[in-house]
Amino acid sequence: MAKLILLSVLIATIALPGAAARDAHPWRGMKKAILWVALFNMAYAYGVLVLVPKYGFG
């Protein structure tokens, strides 16, 4: 499970900006990429700080 959590960072680093880059307007795509990466980072931090100790994946 720990490998999947670490691997999710690599996947999100590539997939989220790649999906936002398909937008027809460059500035809107950049804003989407920044927003999605920030939301992913908050969700990841919550998962690492709260869920991992609570459910003991380690």
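Since the structure is predicted, the reported quantities are computational estimates derived from the model, not experimental observations. (Residues numbered from 1 in each chain as written. Predicted model: local features only at pLDDT ≥ 70, side-chain atom pairs only at ≥ 80, totals over all residues. Heavy atoms only, no water.)

**Side note on the pattern of salt bridges**
Reasoning step 1: Summed over the entire model, instances satisfying the criterion amount to 2 salt bridges.
Reasoning step 2: Two residues, R28 and D23, come together in a salt bridge whose shortest N-O distance is 2.7 Å.
Reasoning step 3: By relative accessible area, R28 is classed as partly exposed at 42%.
Reasoning step 4: D23 is the partner of K32 in a salt bridge, and the nearest nitrogen-oxygen pair spans 3.2 Å.
Reasoning step 5: Using a relative accessible area of 15% as the deciding quantity, one classes D23 as buried.
Reasoning step 6: The network of salt bridges with shared partners includes D23, R28 and K32. (Salt bridge = Lys/Arg side-chain N within 4 Å of Asp/Glu carboxyl O. Buried < 20%, exposed > 50% of the residue type's maximum accessible area, 1.4 Å probe, protein only.)

**A short note on helix 2 (residues 26–55)**
Reasoning step 1: For helix 2, spanning 30 residues, the distance from its first C-alpha to its last is 41 Å, which sits close to the expected 44 Å at 1.5 Å a residue.
Reasoning step 2: G47 marks where helix 2 bends most, by close to 35°.
Reasoning step 3: One or two steps after helix 2, the chain reaches G56, where phi turns positive at roughly 60°. (Helix = DSSP H or I, 4+ residues; strand = E, 2+ residues; numbered from the N terminus. Expected span 1.5 Å × (residues − 1). Bend = angle between axes of the 7 residues up to and from the residue.)

**Points about a nonpolar patch on the surface**
Reasoning step 1: On the surface, Y46, V48, L49, V50, L51 and Y55 cluster together into a nonpolar patch covering about 570 Å² of accessible area.
Reasoning step 2: Residue placement: Y46 occurs in helix 2.
Reasoning step 3: Take Y46: its relative accessible area is 48%, and that puts it in the partly exposed class. (Patch = residues over 30% accessible without salt bridge, like charges linked within 9 Å, V, L, I, M, F, W, Y side chains within 5 Å. Areas by Shrake-Rupley, 256 points an atom, 1.4 Å probe, with all protein chains shown as cover.)

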